[in-house]
Amino acid sequence: MSLVSCHSSHSPKSKTAAEILGNPNFQAICYSGYRQNTREITPTLEQVKEDLSILSAMNIKIIRTYNVHLPEVEVILKAITALQKEQPEFEMYVMLGAWIDCKNAWTNQPVDHFQESERNEKEIAEAVRLTQLYPDIIKIIAVGNEAMVKWATSYYVQPEVILKWVNHLQALKKSGKLPKELWITSSDNFASWGGGTPDYHTNALNELIKAVDYISVHTYPMHDTHYNPAFWGILEEEQSLSEKQQIEKAMLRARDYAINQVEAVQKYMQSIGVEKTIHIGETGWATSCHHFYGKNGSKATDEYKSAIYYKMITKWCDQNKMSCFYFEAFDESWKDAQHPEGSENHFGLINLQSEAKYALWDMVDKGIFKGLTRDGKPITKTFGGNESELLKNVQLPAKLHQATLTQ
């Protein structure tokens, strides 16, 4: 007998991961509802219901979460259940993240990247418990978030650790303890999936690629406007174009940079004889930054460029039947609490004042958010809807020489 239990009676309209991933009618996004500069204040059930109603109005039907060791994720699952009861047509699914760390991560002890945290077992067990309770909502479990990429120096683990827990979850599916249609993956940087340098090309990674149900890739050209800026800037032959056209050209190169990283993962996967679906587990473009990406850095972050990237990458994903878990739905100030203008606080499509950023102004105009509020405030436009005021914050990237671009 199956040990999978429903939190409520089985919904006949509940769809599988195979049906919703890559389906343009089921848009995806990364979601967390924290309003304060700490995660110690969990959003309430009503706050999360407000958020999910806003996302549903945007045709978003799949949300991605990151961990199960904090109470927020269960509030999200309860909120979805409540909305389904209140609105029979409401439909929302979850890609449930299980956070994975190495030994001594986030402590004052030396981290050991070759041993895993004792907590990982509890995190996976809780992900299993929640999936058994909410099988009609949780359709994907992601083992780890950027848990293998070596620049995550605070906590990264070896691929063997991710493989171990993916295999564990796949075994639970086979034994009937998890739904057989549940998809298991890990959500990580393109380099971690073999799309970067050869030091990632290990036997354990190859086995992991074979073990997951699909590959969830992260790509952030915005970050590389600082770290690897060969693609970023205005070409000499573009100097005669209008400033808007110059920015459009730069953003098109940024989009293509992201596409190239996804295709590099596909190429590596195929080189080891595997053919599996790839979806973008995370990509985004911050709208403000006080440091590397702002006016004192690569001049990448503002609402205008962010809107262009959002529309370009989601359009490409829709055309290629690829889900894009865009990062992220709402701004969150806890991510860089010490620096209010830190870029990590400003990836949302909607800010903490319940204002839709430029990427969503057209939705406001169409009345998509009519009657919806966040913390009691209606969804309005940033800059009071004044595009000329918004454009005052937009800066041109530096001139980019053709020789640099082709290196």
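Residues numbered from 1 in each chain as written. Predicted model: local features only at pLDDT ≥ 70, side-chain atom pairs only at ≥ 80, totals over all residues. Heavy atoms only, no water.

Q: With reference to specific residues and values, describe the state of the cysteines.
A: Counting across every chain of the model gives zero disulfides. Here Cys289 stays unpaired: no disulfide links it, and the sulfur of Cys30, its closest cysteine neighbor, is 19 Å away. (Disulfide = S-S within 2.5 Å.)

Q: Run through the packing of helix H4 (residues 119-133) against helix H5 (residues 159-174), naming residues and quoting values.
A: Two numbers describe a pair of packed helices, the interaxial angle and the distance between the axes. One way to put it is that H4 packs onto H5 with a least axis distance of 12 Å and a crossing angle of 30°. For the element pair H4 / H5, the angle class is roughly parallel. Crossing geometry of H4 relative to H5 is assigned as right-handed. Here Asn120, Glu121, Ile124 and Val128 of H4 come into contact with H5, specifically with Val161, Trp165, His168, Leu169 and Leu172. Here the contact of H4 with H5 is composed, by residue class, of six nonpolar, two polar and one charged. (Axes fitted to C-alpha atoms, helices over the stretch in contact; angles between N-to-C directions. Helix = DSSP H or I, 4+ residues; strand = E, 2+ residues; numbered from the N terminus. Parallel < 35°, antiparallel > 145°, perpendicular 65-115°, else oblique. Left-handed = near helix turned anticlockwise from the far one by under 90°. Contact = heavy atoms within 4.5 Å. Nonpolar A, V, L, I, M, F, W, Y, C, P; charged D, E, K, R; others polar.)

Q: Outline unusual backbone geometry, listing residues and values.
A: Residue Phe327 is joined to Glu328 through a cis peptide bond whose omega torsion reads 5°. Here Glu328 is to be found in the loop between strand S11 (324-326) and strand S12 (355-356). Although it is not a glycine, Lys321 adopts a positive phi angle of roughly 50°. Position of Lys321 among the secondary structure elements: in the loop between helix H9 (303-319) and S11. Note on Lys321: relative accessible area 62%, which makes it exposed. (Buried < 20%, exposed > 50% of the residue type's maximum accessible area, 1.4 Å probe, protein only.)

Q: With reference to specific residues and values, describe the pairing of strand S8 (residues 215-218).
A: Neither face of S8 is open: one carries Ile215 and Val217, the other Ser216 and His218, and all of them are buried. Bridge count between strand S7 (residues 183-189) and S8: three bridges; the pairing is parallel. Considered in S8, the bridge of Asn189 is made with His218. Each parallel crossover has a hand, and the one from S7 via helix H6 (residues 203-211) to S8 is right-handed. Pairing of S8 with strand S10 (residues 278-283), which is carried by four bridges, proceeds in the parallel orientation. Paired with Ser216 across the two strands is His279, which belongs to S10. (Pairing = 2+ DSSP bridges. Right-handed = clockwise from strand over helix to strand, strands pointing away.)

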